[in-house]
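Now for the letters of each chain:
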Amino acid sequence: METDRPAPTGNNRERIIAAATRLLAEEGREAVSTRAVSAAAGVQAPTIYRLFGDKQGLLDAVAAHGFASHLGEKASLELTGDPVEDLRTGWNFNTEFGLANPALYTLMYAQPSPGTPSPAAIAALEVLATHIHRIAEAGRLRIDETRATHLVHAVGGGTTLSLIATPEDHRDMSVSHLAREAVIAAITTEAPATPPPGPAAAAVALHALLPRTGALTTGERALLAELLDRISGAPEEGA
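Residues numbered from 1 in each chain as written. Predicted model: local features only at pLDDT ≥ 70, side-chain atom pairs only at ≥ 80, totals over all residues. Heavy atoms only, no water.

**Re the overall build of the protein**
Reasoning step 1: Counting its regular elements, the protein contains 11 helices and 0 strands.
Reasoning step 2: Counted from the first residue to the last, the protein has its helices and strands arranged as α-α-α-α-α-α-α-α-α-α-α.
Reasoning step 3: Looking at the 239 residues of the protein, the share that counts as buried comes to 36%.
Reasoning step 4: Accessible surface, the protein: about 13,600 Å² in total, of which carbon and sulfur atoms supply 57%. (Helix = DSSP H or I, 4+ residues; strand = E, 2+ residues; numbered from the N terminus. Buried < 20%, exposed > 50% of the residue type's maximum accessible area, 1.4 Å probe, protein only. Areas by Shrake-Rupley, 256 points an atom, 1.4 Å probe, with all protein chains shown as cover.)

So this is what it looks like as C-alpha cells:
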C-alpha cells in the first residue's frame, strides 16, 4: 500500500516563493502573510519558518528571486563598445522593470532595514558596479567607482520609485531621462576623442586597470591604489 510522501524541501521552497510572489503582485505586501502564503502554497506555516526563518526572510527570498529573473532578462542586452551608452540602456531597462513590477520593485528597493540593504539590493549594486568599472577602464569616469555606483543606484532607484508612486496617467517619463543624463554628466567625462580629462579621471582610470598589472608587489599596488584614491577624490585646481 502506497502512502503520501512529503514534497521535497526544494519543491516546497519554490512553491512558497511562487505563491508569495503572486500575492505580492496581485494584492500588495500586506497580503503576504504567513497564513495566506501557506494556504496558497499548500504547506503548513511551520514549513515557511523552517525554510525562511520569518516573514522578512520570506520577503527577502521573493525579492532575490525577482531580481534574479530581472537579471536573466537583462543579460540578454548586448554590450556595445560604449560603456556610457550601455549604462543608459541599463537605466532604462531598470525603470521599465520597476513600472512593470511595482510591488516587487518597491519590496526590493524601498523597504530596507536601516543600515542593512536587502540581498536583492546588494546584488543590484554588484551588477551596477561592473558597468561603472567598464566606464572607469575606458578612462571616462570623473569620480571614484564606489561613489559613482552609489550615486547611480540612489538616483535611478529613487526616480523609478517616484514614477511608481505617480498615477499612470500623470507620469512624466522625461523626469527619468533628465535624471539619467544629469547623473551621467556628473560621473563621466566626454569621449576620449576630446581633450584629455583632468588628473582625477586619469587616476580613476589607472585605478581600474591596476589588477591587470603584474609589475608591482602587493604592497606597492596597495600604496599606489591609496595614492590614486587620494587624487581622484581631491578637487582639481581651478575648479
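**A closer look at the packing of helix α5 (residues 83-100) against helix α6 (residues 102-109)**
Reasoning step 1: Packing of α5 against α6 brings their axes to within 5 Å, and their N-to-C directions diverge by 115 degrees. Taking contact as the criterion, the partners of Asn94, Phe97, Gly98, Leu99 and Ala100 in α5 are, on α6, Pro102, Leu104, Tyr105, Met108 and Tyr109.
Reasoning step 2: Tallied by class, the residues present in the contact of α5 with α6 amount to 8 nonpolar, 2 polar and no charged. (Axes fitted to C-alpha atoms, helices over the stretch in contact; angles between N-to-C directions. Contact = heavy atoms within 4.5 Å. Nonpolar A, V, L, I, M, F, W, Y, C, P; charged D, E, K, R; others polar.)

**A look at the pattern of salt bridges**
Reasoning step 1: Enumeration according to the criterion identifies 7 salt bridges in this entry.
Reasoning step 2: For Arg88, the salt bridge goes to Glu181, with nearest N and O atoms at 2.8 Å. Remark: Glu181 occurs in helix α9 (residues 174-187) and Arg88 occurs in helix α5; sequence separation between them is 93 residues.
Reasoning step 3: We classify Glu181 as partly exposed; its relative accessible area is 28%.
Reasoning step 4: Linked through salt bridges whose partners overlap, the residues forming this network are Glu85, Arg88, Arg180 and Glu181. (Salt bridge = Lys/Arg side-chain N within 4 Å of Asp/Glu carboxyl O.)

**Things to note about helix α3 (residues 45-52)**
Reasoning step 1: Taken together, the buried positions of α3 are occupied by Thr47, Ile48 and Phe52. Taken down its axis, α3 places every buried residue within 100 degrees of arc, on the same side. Facing away from the buried side of α3, by more than 90 degrees, are the exposed residues Pro46 and Arg50. (Arc of directions from axis to C-beta.)

**Focus: the packing of aromatic side chains**
Reasoning step 1: Taken as a whole and assessed by the stated rule, the structure comprises 2 aromatic pairs.
Reasoning step 2: Between Tyr105 and Tyr109, the ring centres sit 4.5 Å apart and the planes meet at 40 degrees, which makes this aromatic pair tilted. One end of the pair is Tyr105 and the other is Tyr109, both in helix α6 and 4 residues apart, which spans about a single turn.
Reasoning step 3: Clustering of aromatic rings is evident, with ring pairs tying together Phe97, Tyr105 and Tyr109. (Phe/Tyr/Trp six-rings, centres within 6.5 Å; stacked < 30°, edge-to-face > 60°.)

**Quick word on the confidence of the model for the protein**
Reasoning step 1: A residue-level look at the protein finds 86% of positions with pLDDT of 70 or above and a mean pLDDT of 83.
Reasoning step 2: The lowest-confidence element of the protein is helix α10 (residues 199-209), averaging 74 in pLDDT; the highest-confidence one is α9, averaging 96.
Reasoning step 3: Counted against residues more than four places away or in other chains, residues 1-7, with its pLDDT under 50, gives 2 contacts. (pLDDT = per-residue confidence, 0-100.)

**A word on the nonpolar core**
Inside soluble globular proteins, nonpolar side chains tend to come together where they are buried.
Reasoning step 1: If you look at the biggest cluster of nonpolar residues, it comprises 27 residues, and the most contacted ones within it are Ile16, Val32, Val37, Leu58, Val62 and Met108.
Reasoning step 2: Residues Leu87, Ile143, Ala179 and Ile184 belong to the second largest nonpolar core, which totals 17 residues. (Core = buried A, V, L, I, M, F, W, Y, C linked by side-chain atoms within 4.5 Å.)

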